[in-house]
Amino acid sequence: MRITRVLGGALLALGLAAGPATADSSPSASPSGDGAAPTSAGTSFRTAVEVEQGQTATASASTGDYLYWSFPADSGQRPTVKATVKLPQAHLAQTWQIDVYDGLRRRQACQYGAQTRTAAQDAAAVELACVLRTVRAWSEPWANDPLPGTYYVRLTAVGLKAADLGQPVSAELRVDSKDIGGAAAVDGSLAKPLVPGIAVKSAAEDEDASATAVLSSIEPDDGWASGWWSDRWVWTAIGAILAALAGIGGYTLTRGSRRPRHVPPPPGA
Amino acid sequence: MIRTQRLAAGVCALLAALTAGLAFPAGAVADETTALAPKVDLVLDVSGSMRTKDIDGGTRMAAAKQAFNEVLDATPETVLLGIRTLGANYPGDDQKTGCKDTAQLYPVGQVDRTEAKAAVATLSPTGWTPIGPALLKAADDLDGGTGSKRIVLISDGEDTCAPLDPCEVAREIAAKGIGLTIDTLGLVPNTKMRQQLSCIAEATGGTYTSVEHTDELTDKVNQLVDRAADPVVTPVATEGKDSCQAAPTLKSGLYTDREEFGQERWYRVDVEPGQELRASVSVASDRAMNPDYGVLLRAVTVHGREIVRGEAAGNGRTDVVSTGLRYPKAESDDEDPPAETVCLQVTNSFSAGAGVKTTPGMPVELTVDVVDAPSQASDVASFGLGRGWWLLGLLVLVGFLAGLIWGWLSRWRVAVWRTN
């Protein structure tokens, strides 16, 4: 009995220790080194340049340009978009802004980060950041929640004097994301990620796999998550094991050392 | 065949070079594969002011020529390139004649580098700056084909051919719906010219760059030509109506349209049960607008009930305002359920000050995707599973209590059994 109790205690401790460890061990979006980072930016949603998460995209442009990139974000990720604009040597004060749009071109709110920033006169650079909300696997059609799919980033100067128009600038963009894991695992999933033109693309694939232009051909390195797995399975399973062990523990407690003290030993024992 | 055509083109180019940029017989190289090829027309200002020596110690013309030579060397084979000049031929003082002075120096087609360079070498700064007429002609040069089209305008002075406003011209060209972008490059610009050139660029979704060095010019033109070479989806022109009954029915795809201030546009999409409609709309701000604006996209049943809407509003400088919606239609139990017609209504709340032209309307870009419907969520959490320390605590507590009760029960049962 003692062995069982010790074993139970050990298991309990193990379970408690393993619980959060397993929960947090899901890999976070690591930088993917493969493929050269893009060195240009698009000028509209249609021509947005695709960037992988973890890549640093660069672009040379002119003040007043609207620069567009797109990146994939999957459920459970909380993307952070960071942009740096190197400004020309002499310029007036100008305000820069990044806006993030989802695959339906709906503007997505930034939780925090300097989304808009004013560079003082002759400042060398301006840094912008936007931390999005966690991407959910499913949401109601009436909600504006971020969903898995393509995300667009628009970088532009919103406050600009005419004298500063057309000056050469160079921009850098990087998207990383934090894996929120099971805490954000919701029920339901989209049949197709929110990638614009996906209906046209899949129809074209059925007929002919020729390389025609698509609105967005974006996909994460390891494909879109199926939405089936989350660490909630681990938590629930560990909970069940612990409950069973606690049940055994409770049961043994009532039995004492096999023979209750106030019950007299059976005759002849 | 092509070889003889090339030869013909060569002879033509030589002639053109000798006669210093006379109008060129078009259609030198025509090929079936060129229908999809991207087209770029470089429009170069050869007005008298290009003589000014203020770019890296040389004249503006010399800088432009050097840049053109380098660009011609770097042009991707897939791109059909042409060159048009403005103000190259008429040195006189008559504005009427001077403002018609635009000529095709090299026709839009596959580039023969030697010929094109020879043609560029003949240019010398001469006349007026008729930007508007040159843009109109350049748009004609690019006519035909379904690939992307781009005009790169290089100028050093503002348009000298009032009252034809080149910015209005650009907007009209964009409104033709041929998917043409105008990028502008200003050599050593002043404020007024900056405004004019950036107005032209913004009217067509292009970019404006001011250039003060030769290498900047080369890099930028190269970048723009390369940008033209990137394959991009060409939208289909459609025309929304002012009511759902008359509206055109759209399938999955990318569409463009025009919408005036305060106008409504309706479209119809058929959605079968078990499918999801995804629609997004962008309304571009292609002229001087008041700084507060918005766009509303509604999905409405044929009976006028609103299903879902997407709305966006903004403030300040912008190129587009966009929003979107999705509407998953539930599966039906019927044998062969009919598709539902969903009406999409696009409205905008842009406004402009007096004196701003309201026609043609602002460019509208509409994407429609009809895909499989998502799985319905039956619980907030994934598969209704639990997570966290509270869950573990509760399970342990309940398990422990269950064990205790079970133990007491069995003890009580043993005791009862023994007493009997």
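About the cut-offs
Residues numbered from 1 in each chain as written. Chains lettered and ligands numbered in written order. Predicted model: local features only at pLDDT ≥ 70, side-chain atom pairs only at ≥ 80, totals over all residues. Helix = DSSP H or I, 4+ residues; strand = E, 2+ residues; numbered from the N terminus. Contact = placed C-beta atoms within 7 Å. Axes fitted to C-alpha atoms, helices over the stretch in contact; angles between N-to-C directions. Parallel < 35°, antiparallel > 145°, perpendicular 65-115°, else oblique. Left-handed = near helix turned anticlockwise from the far one by under 90°. Expected span 1.5 Å × (residues − 1). Buried ≥ 20, exposed ≤ 12 C-beta atoms within 10 Å, placed from the backbone. UniProt positions renumbered as here; feature names shortened; annotations may be inferred. Domains from an automatic or database assignment. Nonpolar A, V, L, I, M, F, W, Y, C, P; charged D, E, K, R; others polar. Pairing = 2+ DSSP bridges. pLDDT = per-residue confidence, 0-100.

1. Observations regarding the overall build of chain A
When you go through chain A residue by residue, the secondary structure sums to 3 helices and 11 strands. Going residue by residue from the N terminus, the α and β elements of chain A occur as α-β-β-β-β-β-β-β-β-β-β-β-α-α. Excluding contacts between residues fewer than 6 apart, the proportion of contacts in chain A whose partners are at least 24 apart in sequence is 73%.

2. Thoughts on the packing of helix 3 (residues 232-255) of chain A against helix 9 (residues 389-419) of chain B
Between helix 3 of chain A and helix 9 of chain B, the least distance of the axes is 6 Å, while the angle of their chain directions is 30 degrees. Classified by the angle their axes make, helix 3 of chain A and helix 9 of chain B are roughly parallel. Relative to helix 9 of chain B, helix 3 of chain A is oriented so that their crossing is right-handed.

3. Let's talk about helix 8 (residues 214-229) of chain B
Between its first and last C-alpha, helix 8 of chain B extends 23 Å over 16 residues, near the 22 Å set by a 1.5 Å rise per residue. Turning to helix 8 of chain B, its buried residues are Thr214(B), Glu216(B), Leu217(B), Thr218(B), Lys220(B), Val221(B), Leu224(B), Val225(B), Arg227(B) and Ala228(B). Check the buried side of helix 8 of chain B and you find it contacts strand 11 (168-179) of chain A together with strand 1 (39-45), helix 2 (60-74), strand 4 (149-155), strand 5 (180-187) and strand 6 (208-211) of chain B.

4. Re the UniProt feature "domain: VWFA" (unreviewed entry) in chain B
As recorded in UniProt, the feature "domain: VWFA" (unreviewed entry) lies at residues 39-228 of chain B. Secondary structure content for residues 39-228 of chain B is 41% helix and 22% strand, and the end C-alpha separation is 7 Å.

5. Considerations on the domain arrangement of chain B
Many descriptions give the size of an interface as the accessible area lost when the pieces come together. All names here are of chain B. Assigned domains within chain B: domain 1 (17-229) and domain 2 (236-372). Just the C-alpha atoms count here: the centres of domain 1 and domain 2 sit 35 Å apart. Taken together, the 9 residues of domain 1 in the interface contact 10 residues of domain 2. Mapped by element, the contributors of at least two residues to the side of domain 1 that touches domain 2 are helix 6 (166-175) and helix 7 (191-203). Here the element with the most residues in the side of domain 1 that touches domain 2 is helix 6; it accounts for 5 residues. The residue inventory of the side of domain 1 that touches domain 2, partitioned by class, reads 3 nonpolar, 2 polar and 4 charged.

6. A look at the sheet that holds strand 9 (residues 125-132) of chain A
Residues and elements named next belong to chain A. Pairing in this open sheet of 5 strands is antiparallel, and the strands run 2-11-4-9-7 from one edge to the other. Here the strands that pair on one side only, and so sit at the sheet edges, are strand 2 (56-62) and strand 7 (110-112). Adjacent strand axes in the sheet meet at a mean angle of 30 degrees when their direction is disregarded. Examined bridge by bridge, strand 7 and strand 9 share 2 bridges and lie antiparallel to one another. What sits directly across from Tyr112, in strand 9, is Val131.

7. A word on the UniProt feature "transmembrane region" (unreviewed entry) in chain A
Sites flagged by UniProt as "transmembrane region" (unreviewed entry) map to residues 233-253 of chain A. For residues 233-253 of chain A, the helix share is 100%, the strand share is 0%, and the end-to-end C-alpha distance is 30 Å.

8. A short note on the interface of chain A and chain B
With 65 residues of chain A at the interface, the matching set in chain B holds 71 residues. For the side of chain A that touches chain B, the secondary-structure elements that each account for two or more residues are helix 2 (198-207) and helix 3 of chain A. Per-element accounting of the side of chain A that touches chain B gives the leading share, 19 residues, to helix 3 of chain A.

9. Focus: the UniProt feature "transmembrane region" (unreviewed entry) in chain B
Summarizing the sequence annotation, UniProt attributes the feature "transmembrane region" (unreviewed entry) to residues 388-409 of chain B in the numbering used throughout. Taken end to end, residues 388-409 of chain B has its terminal C-alpha atoms 32 Å apart, with 95% of it in helix and 0% in strand.

10. Brief notes about the confidence of the model for chain A
When the pLDDT values of chain A are averaged, the result is 82; 79% of them are 70 or greater. This model gives residues 1-34 of chain A a pLDDT under 50, and the stretch forms 38 contacts once residues within four places in sequence are excluded.

11. Notes on the sheet that holds strand 6 of chain B
Residues and elements named next belong to chain B. Sheet architecture is open: 6 strands sit in the order 3-2-1-4-5-6, paired in mixed fashion. The outermost strands of the open sheet, each flanked by one partner alone, are strand 3 (102-109) and strand 6. Recorded for the sheet is a direction-independent mean angle of 15 degrees between the axes of neighbouring strands. Bridge analysis of strand 1 against strand 4 gives 6 bridges, and the strand direction is parallel. Bridge pairing in strand 4 places Val40 opposite Arg150. The sheet contacts of helix 7 involve strand 4, strand 5 and strand 6, and relative to strand 5 the element is tilted by about 165 degrees.

12. Topic: the pairing of strand 12 (residues 292-301) of chain B
Residue and element names in this part refer to chain B. Taken together, the 9 bridges between strand 12 and strand 13 (residues 306-315) define a ladder with antiparallel strand orientation. By the bridge assignment for strand 13, Val300 is matched with Glu306. Across 7 bridges, strand 12 lies against strand 15 (residues 340-348) in antiparallel orientation. The residue of strand 15 that forms the bridge with Leu297 is Val346.

13. Points about helix 7 of chain B
All names here are of chain B. The end-to-end C-alpha distance of helix 7 is 18 Å, a good match for the 18 Å that 13 residues give at a rise of 1.5 Å each. The buried fraction of helix 7 amounts to 10 of the 13 residues, a majority that puts the element mostly inside the structure. Every buried residue of helix 7 is accounted for by Met193, Arg194, Gln196, Leu197, Ser198, Cys199, Ile200, Ala201, Glu202 and Ala203. Where helix 7 is buried, its residues meet strand 4, helix 6, strand 5 and strand 6. Following helix 7 by one or two positions, Gly205 has its phi on the positive side, about 75 degrees.

14. Observations regarding the pairing of strand 3 (residues 67-73) of chain A
Residue and element names in this part refer to chain A. Across the 7 residues of strand 3, 7 count as buried, placing the element largely inside the fold. The side-chain alternation of strand 3 yields two buried faces, one formed by Leu67, Trp69, Phe71 and Ala73 and the other by Tyr68, Ser70 and Pro72. Where strand 3 lies against strand 10 (residues 149-159), 7 bridges are found, and the strand directions are antiparallel. Its bridge partner being in strand 10, Pro72 is matched across the sheet by Thr150.

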